[in-house]
Amino acid sequence: MDCLSGFPARFFSEYPSIGGEITMNLIPQATRIGIALAVLFAAGQATAEVAVSQVAITKVEAFSNNHPTTLHNINAIGQVVGTYYYGNNTVQRHGFVISDNVQTDIGTLGGATSHAYDINNSGAITGQSTTTSATTPTSGFIYSNGTFQTIPTLGGTQALGRAINDAGQVAGSSTNSSGRYNAFIYSDGEITNLGTLGGDNTIHTTYAYDINNRGQVVGQSIAADGKSYAYVWENGQITSLGALPGGAERTPAGVSEARAINDAGQIAGRSLHADNSSYHAFFYENSVITDIGTLGGNGSSSYGINNHGWVVGVSDIDVTTNATHAFLYSTETGILDLNDFLPENSGWELLLAQAISDNGDIVGYGRYTDPLTGIVGPNNSAFILSGLGFTAVAAIPEPSTYAMLLAGMGLMGFAARRRKTA
């Protein structure tokens, strides 16, 4: 999960410069499983109807090199960006994009390594790459139509583009002249320091993780008490989101962080809380922070949210081990284990969900066991889960009508299992 937190400068090592692009077809052994998914939900007195769609899960191995692949984000038209180990190297990485089932290595800015972190609905990508420059050895970038545009720094030597909206604005982090990382927004060729929540940005770090189409940025910033809190920035104003009840009283310096924001201003992240020293995923709307809870374990974290308000992330599944599962959350359903919607013979155990598109497509990683051979793959096998539709809701039918409804939809024999929330 290193790619999900902080500034990934530790990924960069010195290697001979390798640039250029490689285009290959999606791996032929990609595993697709078509199943019918029925989601029933209700919020308080509100009611909802069954929403049904065809679900497929694809195992992604970038360029078939059998090395771990990380998928970072997916846009509304199904284009996916991520990072893979370049060639047969187990250290050197390249960013890539999947579009129309074709994988393309986006290359680098002349250095050995690159990461592709986000893609907007026009196909523009932002991320970070090593360079051949002595003054800026790592640079943020915008990649579009095969061309790189570098992002300037805030006076330091490194920059990272973390998220890009449909207007081409980029949110990210850069070192300043003191060598500390500060959050920025890059728009129309200008880079702006987002400031802090009252802390000294010459000795502390501030990160930006996401930006929506309104230009709102979220991340984590240092406050005057020396602790870091989730924030939202808009039009020059940075505002703390606070923490879950009791979270600010915990001893760790990183109290809360905001990971994703949708166009309605709904925010997903994680925060310390009163019960113990672990983090819980949260959902933030209209100045109210809500504890998403867990799938039975101690902790959880959320990483993505779409414009329907659906949140994805990772949760512990029991209190005695470090085992995790990917989750899906909405205010109507509460927290759901994504594995509960997979058939028994899928071969998958979904461990973490990183991002979700407006169409309901989800990227993340898990463990895949070949149903025919029984061969167990690594815990970081990348997946694309597609087909989770978002249907307008009406009334939930009476229990006596479920069998007739499911039979009419060809769903007899499939039952989604629900895991009790913590």
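To start, this report covers the structure provided alongside it. (Residues numbered from 1 in each chain as written. Predicted model: local features only at pLDDT ≥ 70, side-chain atom pairs only at ≥ 80, totals over all residues. Heavy atoms only, no water.)

### A look at the pattern of salt bridges
A pair can form between side chains of opposite charge whenever their charged atoms are brought close. Threshold: When a carboxyl oxygen of Asp or Glu is within 4 Å of a side-chain nitrogen of Lys or Arg, the pair counts as a salt bridge. For every residue, the accessible area obtained with a 1.4 Å probe (protein chains only) is divided by the maximum for its type, and the residue is called buried under 20%, exposed over 50%, and partly exposed between those limits. The secondary structure listing takes helices from DSSP runs of H or I that are at least 4 residues long and strands from runs of E that are at least 2 residues long, numbered from the N terminus.
For the coordinates displayed, the defined rule picks out four salt bridges. Note that lysine 59 is salt-bridged to glutamate 61, the shortest N-O span being 2.2 Å. For glutamate 61, a relative accessible area of 14% corresponds to the buried category. Ionic pairing is found between arginine 270 and glutamate 257, a salt bridge with its closest N-O pair at 3.0 Å. Here arginine 270, found in strand E21 (residues 267–272), pairs with glutamate 257, found in strand E20 (residues 256–261); they are 13 residues apart in sequence, far enough to count as distant. With a relative accessible area of 21%, arginine 270 lands in the partly exposed category. Exposure remark for glutamate 257: the relative accessible area of 5% places this residue in the buried category.

### Thoughts on the packing of aromatic side chains
This is how the line gets drawn: When the centres of two rings from Phe, Tyr and Trp lie within 6.5 Å, Trp using its six-membered ring, the rings pair. Their planes under 30 degrees apart give stacked, over 60 give edge-to-face, and anything left gives tilted. Whether a charge lies above a ring is judged from NZ of Lys or CZ of Arg, which has to be within 6 Å of the ring centre and within 35 degrees of the ring normal.
Evaluated as defined, the whole model comprises eight aromatic pairs. Between tyrosine 207 and tyrosine 209, the ring centres sit 6.1 Å apart and the planes meet at 25°, which makes this aromatic pair stacked. Considered together, tyrosine 207 and tyrosine 209 belong to a single accessibility category, that of buried residues. What links up through ring pairs into an aromatic cluster is the set Phe141, Tyr143 and Phe148. Geometry around tyrosine 209 places arginine 259 over its ring, the cationic atom sitting 3.9 Å from the centre. Sitting above the plane of the tyrosine 279 ring, arginine 270 keeps its charged end 4.0 Å from the centroid.

### Here's the deal with the sheet that holds E21
Basically, it comes down to this: When DSSP finds two or more bridges between two strands, those strands count as paired. For helices, the fitted axis covers only the stretch in contact; all axes are lines through C-alpha atoms, and the angles between them, taken along N-to-C directions, range from 0 to 180 degrees.
Pairing in this open sheet of four strands is antiparallel, and the strands run E20-E21-E22-E23 from one edge to the other. Edge positions in the open sheet fall to E20 and strand E23 (288–293), since each of these has one partner strand only. On average, each strand axis in the sheet is inclined to that of its neighbour by 30°, with strand direction left out of account. Here strand E22 (residues 279–285) pairs with E23 via five bridges, running antiparallel. In the strand pairing of E23, tyrosine 284 is matched with isoleucine 289.

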